[in-house]
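If you want the building blocks of each chain, they are given just below.
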Amino acid sequence: MSSRPALAEPQTAEAAGTQAKARTGRRPLRLPRPGYLVSKLAAAVVSFAVTLVIGFSLFNLMPADPVRTMTRGRPVSEAELLRLRVQLGLDKPVWERFLDFVNDTLHGNLGYSWEYQQSVASLTMDRLGPTLLLMGTSFAISVVLGLWLGLRSGWRAGSLFDRITSATALTLWSVPTFWLGMILLIVFSVGVGPFHGFLPTAGMSDPTLPQTGMTHYLDVAKHLILPALTMVLVVYAQYVTIMRSSIIEEIGSPYLLTARAKGLMDAAVRRKHALPNALLPSVTMIFMHLGTLISGAVTVEAIFSWPGLGDLTFAALKIPDLPLLQGTFIVFSASVIIMNLLADLAYRFLDPRVRDQ
Amino acid sequence: MTDIDTRTPALEVRDLSVVYPASGGRGPARAVDGVNLSVGQGEIVALIGESGCGKSTLARALVGLVKPTGGQVLYQDTPLDYSAIALKQYRRHTQLVLQDPGGALNPKQNVYDAVALGPRLHGLTDRLPETVRNALAQAGLRPPEDFFGRYPHELSGGQQQRVVIAGALALNPSVIVADEPVASLDASVRGEILKLMLRLRDDLGLSALVVSHDLGLAWNIADRVAVMYLGRIVEQGTVEEVLLRPQHPYTQALLSVIPSGAEDWRPTLLTGEPPDPTAIPAGCRFHPRCGRWAAASADERAASGCDRRELPVLAPDASAAACHLLSPTALETA
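Residues numbered from 1 in each chain as written. Chains lettered and ligands numbered in written order. Predicted model: local features only at pLDDT ≥ 70, side-chain atom pairs only at ≥ 80, totals over all residues.

### Regarding unusual backbone geometry
Let me state the cut-off plainly: Here a helix means four or more residues in a row that DSSP labels H or I, a strand means two or more in a row labelled E, and each is numbered from the N terminus.
With omega at -10°, the peptide bond leading from Arg 142 of chain B into Pro 143 of chain B counts as cis. One non-glycine residue, Gln 117 of chain A, adopts positive backbone phi at about 50°. Along the polypeptide, Gln 117 of chain A turns up in the loop between β1 (112-113) and β2 (118-119).

### Some points on the packing of helix α8 (residues 177-190) of chain A against helix α9 (residues 213-251) of chain A
Between two packed helices, the angle of one axis relative to the other and the distance separating the axes together describe the packing. All names here are of chain A. Cut-off, in case you're wondering: Only the contacting stretch of a helix is used when fitting its axis, a line to C-alpha atoms as for every element, and angles between N-to-C directions run 0 to 180 degrees. Throughout this description, any angle smaller than 35 degrees is read as roughly parallel, any larger than 145 degrees as roughly antiparallel, any in the 65 to 115 degree range as roughly perpendicular, and the remainder as oblique. Each crossing gets its hand from how the near helix is turned against the far one by less than a right angle, where anticlockwise is left-handed and clockwise is right-handed. Note on contacts: each residue gets a C-beta atom placed from the backbone, and two residues are in contact if those atoms are within 7 Å. Amino acids are sorted into nonpolar (Ala, Val, Leu, Ile, Met, Phe, Trp, Tyr, Cys and Pro), charged (Asp, Glu, Lys and Arg) and polar (every other residue, Gly among them).
Running from N to C, α8 and α9 point in directions that differ by 140°, and their axes come no closer than 10 Å. Our classification of the angle between α8 and α9 gives oblique. Along this stretch, α8 crosses α9, giving a crossing that reads as right-handed. The segment α8 lies against α9, with Thr 177, Leu 180, Gly 181, Leu 184, Leu 185, Phe 188 and Ser 189 engaging Leu 226, Leu 229, Thr 230, Leu 233 and Val 234. Of the residues that constitute the contact of α8 with α9, the class distribution is eight nonpolar, four polar and no charged.

### Here we look at the sheet that holds strand β5 (residues 78-79) of chain B
All names here are of chain B. Note the following rule: Any two strands with at least two DSSP bridges between them are considered paired.
Read across the open sheet, the four strands follow the order β2-β1-β4-β5; overall the sheet is antiparallel. Pairing within the sheet leaves two strands with one partner each, and these edge strands are β2 (29-39) and β5. Here two bridges tie strand β4 (residues 70-75) to β5, and the two strands are oriented antiparallel to one another. Note that in β5 the partner of Tyr 75 across the bridge is Thr 78.

### Digging into the environment of Ala 268 of chain A
Its location among the elements puts Ala 268 of chain A in helix α11 (residues 266-292). Between the C-alpha atom of Ala 268 of chain A and that of Pro 227 of chain A, which follows or precedes it by 41 residues, the distance is 37 Å.

### Quick word on the sheet that holds strand β11 (residues 320-321) of chain B
All names here are of chain B. Pairing in this open sheet of seven strands is mixed, and the strands run β6-β7-β8-β3-β9-β10-β11 from one edge to the other. Of all strands in the sheet, those bounded by a partner on one side alone are β6 (94-97) and β11. Two strands pair when backbone bridges link them, and strand β3 (residues 44-48) and strand β8 (residues 207-212) are joined in this way by five bridges, in the parallel orientation. Within the sheet, the bridge partner assigned to Ile 48 lies in β8 and is Ser 212. Packed onto the sheet, helix α1 (residues 55-62) meets β3, β6, β7 (175-179), β8 and β9 (224-229) and runs at close to 155° relative to β8.

### Some remarks on the domain arrangement of chain B
Residues and elements named next belong to chain B. As a reminder of what qualifies: What fixes the domain bounds is an automatic or database domain assignment.
Taken as a whole, chain B is organised into domain 1 (11-229) and domain 2 (248-333). Relative placement of domain 1 and domain 2: their C-alpha centres are 30 Å apart. Taken together, the contacts link 19 residues of domain 1 with 18 residues of domain 2. Of all the secondary-structure elements, those providing two or more residues to the side of domain 1 that touches domain 2 are β1 (11-20), β2 and β9. Tallying contributions element by element places β2 first for the side of domain 1 that touches domain 2, with eight residues. Tallied by class, residues from the side of domain 1 that touches domain 2 come to eight nonpolar, six polar and five charged.

### Comments concerning the nonpolar core
Note the following rule: Here a nonpolar core is just a set of buried residues of the types Ala, Val, Leu, Ile, Met, Phe, Trp, Tyr and Cys, joined wherever their C-beta atoms sit within 7 Å. Three classes are used. A residue is buried when 20 or more other C-beta atoms lie within 10 Å of its own, exposed when 12 or fewer do, and partly exposed in between, with C-beta atoms placed from the backbone.
Formed by 157 residues in total, the largest nonpolar core has its most connected members in Val 115 and Leu 209 of chain B. With 15 residues, α9 of chain A is the largest single contributor of residues to this core.

### A look at the packing of α11 of chain A against helix α14 (residues 322-350) of chain A
Residue and element names in this part refer to chain A. Contact pair α11 / α14: the axes reach a minimum separation of 8 Å and the direction vectors enclose 160°. In terms of their interaxial angle, α11 and α14 are classed as roughly antiparallel. Where α11 crosses over α14, the two elements pack in a sense that is right-handed. Counted together, Leu 280, Val 283, Thr 284, Phe 287, Leu 290, Gly 291 and Thr 292 of α11 and Ser 335, Val 336, Met 339, Asn 340, Leu 342, Ala 343, Ala 346 and Leu 350 of α14 form the full contact between these two elements. Of the residues assigned to the contact of α11 with α14, the class counts are 10 nonpolar, five polar and no charged.

Shown next, in the form of structure tokens:
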């Protein structure tokens, strides 16, 4: 060794030093940190407080006079108008009304709908079922279909399968929801030319059929097909696109090569190594979508007269039924905030890199 | 250190070629174009070349990740069988270590799972914790238990590379193919990893092919050196032969850029087109950039045939250089 000229790199002396430094600089045990949960919870509470302020301001500082709106189209005396104002609490100063509103909201009282003469909370609960049925079904199908297609196309990017999948997804994504819904309605409910429509045009069930038992479930399923299909076609493309690009990003990673070099088969490399890492961006999107699930799809519910929360919001907007709008606004916002909180927490389980931040 | 094991080589390639199909308006790329190379038992061979010369492709072909378009890879004198089962079996014995240790580890796997990946794949799960512990200890991560639950992002570059090496050792391989194993590490950590590889050779009798563009690395750890240029090995021999008495003009040029400290030190800088495997020059592939060819007179050029005559492929463990200007016998027989 000593006969060799000075080609060699600096080697032994520094080697020992770095090694010692690398060891002592690391903590041996990782403890769970409750601080993370607390900070995320605090952030969610702040978001909700801001939502309350915005919700209140939006619907109370609007120029439209609620009492005039309510009594629209019928003769009323000044005394009656005054009585209504007192009844609605509109005679109180703004700050007092805001405190009342916050207090009511925190106690689960979301106001009283003018139009339906019913509490907003109970109205919302009534409409929650149909919305969750429609949105849940289409959401589950979109996620599974989208992620599967995205995974397959990203793994063989540029293949015929990829080109067909990507082109179809992008086309459907670009199409306006109302237009697609209408086309499906015309083709499958009304019928085109010799083709007879066989699916119901509107609603969630046929009132002439019994409202219980197997017949009812099948009837609801039949009504569900078109609105759910419309939602899926519009939403699944987002999952295809995001999954495809995450997979393409992962596919060049040397750790996949390592796994393959150790003898793992291609399909297993994809499933066990590429997929879990590529799934992270999709998880963010899944939680974002989950948050917006209950607000429903106003457009789709309106087209198919689906008796859900989106339809309710649409009806409230037309009047406008301010307490109802305010109530649904709060519910929808709260749902998004909660889902975001869950997403933050889920990330810590899914990605070790986030755990230490 | 330099007595070469002359028994059955651990890993050998015979007349290997890998051609990538034409794409994007370019012709097919002859990344590896006729290579003989052998790695003896317990021998460390350095494969040196600049980027794009085909050395990484050759490394991937050696571990069976790239199927050669011609020639053979032989493991202990048995040609490699590319059926799924045989290949998986082969991968127990030959392990790949990649350049970027951060990328070579799955970010979602902790150290234990990363090291246990190989043994689990091959069903070697009896006493798995002990296998993992031993592999980590052999790779110089002590105490091994401290590293079990760590994730790659919590480790330094040197520690990551040790985990990668431990992952290779966990399968108790006989050959390690390392593709630029220290290129992305700090100079000081680099020394540690090289020392580790030497120790593994001495303690476990591992053979290794180390791919690098770094002559210093070859000097530090290799028994033999093969210099690759544009898909061919242009010179090979023991470290002393190749690095102290380089024969091929290309090797000489590579070595000349290392400052010698001498008064008259003058680097030979390579000029001309960088090598392109889609357009390999006729005759000697190096002649367009060869200083000796450039300096030759018209008569000498005509006599040498550097621009017309193909050079023979070097024998697997010969000490030789493939150059027309060096071998008068080759000139005569032409």
